[in-house]
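Each chain, letter by letter, is given below.
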Amino acid sequence: MSAGEQVVHEYTPYGAARQLWNCRTSELLLEGPAGTGKTRALLEYINYLCETWPGIRVLMLRQTRESMTESVLVTWEEEVLWFGHDAVHGTAKRNNRQNYHYPNGSHIVVGGLDKPETTFSTQYDVIAVFEAREIGGDTWEWLARANRNFKMPWQMRVADTNPAGEFHWLNTHFPPGFREVPEEHRTDKRIRLLSRHQDNPVYWDHDTDEWRTPGLVYVEGTLMNLTGSRRANMYEGRWASEEGAIYEEFDASVHIVDEKDVPEIKWYFGSYDKGLRHPGCLQIWGVNDDRMYRVREVYRTEQNMDWWAEQVLDAHGEYGLQALVCDPSEPEYIKVFNDR
C-alpha cells in the first residue's frame, strides 16, 4: 500500500455470524457445515474486539501450529487484515509470525496445541479455538485457566467447528443452538450458534435469495455428493457418528423415527453405564411386540451417583420403568439405585 492510499474494508455478517456481536458469554460455539464462513466471521469478530477494547490479549489456536498457518492465518492476513495493516509488524513470514500488535495496545498471540510452551504462559481475555472438534474436552477446560486478563468486561472462550460424531464432547457440552439469539440468552454461560451456507455471501446472494456460482459448484456440486457421516457433517451440518464407528449396520434413515410414528409402547426399561471422567450414560427404552425404541438418553461427565439416581427417578416417574439394567461388576452402584 503506497503512502496516502486508503483501504476500504467491507464485511457484512449474516445469520449466526451476525449473532456473534450480540453475545457476551464465557463459552461460545459457532458450528456449521463446511463453507458457511465461520472462520472469517470469528476472525472479523476478534479484529473488532481488538479495535474496540484497548489492551486486550487474544490467543488464537488450532490443534497444530502448521494448520493455523495454512488455514486460519491465510484468511486472517488476506481477508480480515491487509498489506500494511498496523497490527502486522516485522519481517517474519506467516509461518513464523507469533504476534499481532494493535496501536491501542491490544495483542494477539498465535499458537498450536502441539507447541504449548510459547503460548500458554500468560493470561488472555479471549481464547479462540478454530476447528475445535480436533481437540478434547479436557483441553478446552484446561484453557480456562488462562482466560483471566480482565481488560474486557467479559472473558471468553470461543470456538468454531464443523460437526463431528453425535457423542463428541462439543455436542454434549453446549446446549441446543440458535440461528438468532433471544435476548434472555445473550449472557448465558454457554451459547451455541448454528451457521448455515446461506450465511456466506460468497456462496449465497442475499438480494436474490439464490446460490451464486461458487455456491453451486462447491455446496451443491461437491458437498451435496458426499455420503454417510461426511455428508451429514459437511453438507447438512448434523452431528453424526462415523460409519462403522460402533454399528456398521446403523442407518439414520431407518433407525431414527419420528415420535408420532412410534407404535403403542407396552412397557419401558432403563439401561445405565457409569462414568465420571469418561461419560456415563442412561438410556430409556420402550418395548412393543417386536421392537425397542430409545425414547430418552442422558450422556454426561463429572456426575456422581446421587445425580444419576435423580435422573433415573425422573425417568421412572414419567415412564414407569419395569427394570433398570446396570453393569453387574459395580454392585455398590446398583445398591444406590435400589435404595432410592
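Below: a short report on this structure. Because the structure is a prediction, the values reported are computed rather than measured.

Turning our eyes to something else, we now look at the overall build of the protein. Along the protein, the regular secondary structure elements total 10 helices and 13 strands. Its C-alpha atoms give the protein principal-axis dimensions of about 80 × 45 × 35 Å. Buried positions account for 43% of the 340 residues belonging to the protein. Restricting to contacts in the protein with at least 6 residues of sequence separation, those with at least 24 account for 64%.

All right, on to the sheet that holds strand β7 (residues 190-194) then. Sheet strands line up and pair through hydrogen bonds in the backbone, either parallel or antiparallel. An order of β3-β4-β2-β5-β6-β1-β7 is seen for the seven strands of this open sheet, with the pairing classed as mixed. Edge positions in the sheet fall to β3 (99-101) and β7, since each of these pairs with one other strand and no more. For this sheet the average axis-to-axis angle between neighbouring strands, irrespective of direction, equals 15°. As defined by bridge partners, strand β2 (residues 57-62) adjoins strand β5 (residues 126-130) across four bridges and the pair is classed as parallel. Paired with Met-60 across the bridge in β5 is Ala-128. The sheet strands contacting helix α3 (residues 65-80) are β2, β3, β4 (107-112) and β5, and the helix crosses β2 at an angle near 125°.

Before going further, it helps to spend a moment on empty space enclosed by the protein. Applying the stated criterion to the full structure yields one cavity of 30 Å³ or more. For the largest cavity, the calculated volume is near 40 Å³. Looking at the lining of the largest cavity, the elements with two or more residues in it are β10 (267-273) and α10 (331-339). No other element matches the three residues that α10 contributes to the lining of the largest cavity. Split by residue class, the lining of the largest cavity holds five nonpolar, no polar and four charged.

The rules behind these values
- Residues numbered from 1 in each chain as written.
- Predicted model: local features only at pLDDT ≥ 70, side-chain atom pairs only at ≥ 80, totals over all residues.
- Heavy atoms only, no water.
- Helix = DSSP H or I, 4+ residues; strand = E, 2+ residues; numbered from the N terminus.
- Buried < 20%, exposed > 50% of the residue type's maximum accessible area, 1.4 Å probe, protein only.
- Contact = heavy atoms within 4.5 Å.
- Pairing = 2+ DSSP bridges.
- Axes fitted to C-alpha atoms, helices over the stretch in contact; angles between N-to-C directions.
- 1 Å grid on protein atoms, 1.4 Å probe; cavity = no way out; pocket = protein on both sides within 12 Å on 5 of 7 lines; lining within 4 Å.
- Points joined across faces, edges and corners; volume = space filled by probe spheres on them.
- Nonpolar A, V, L, I, M, F, W, Y, C, P; charged D, E, K, R; others polar.

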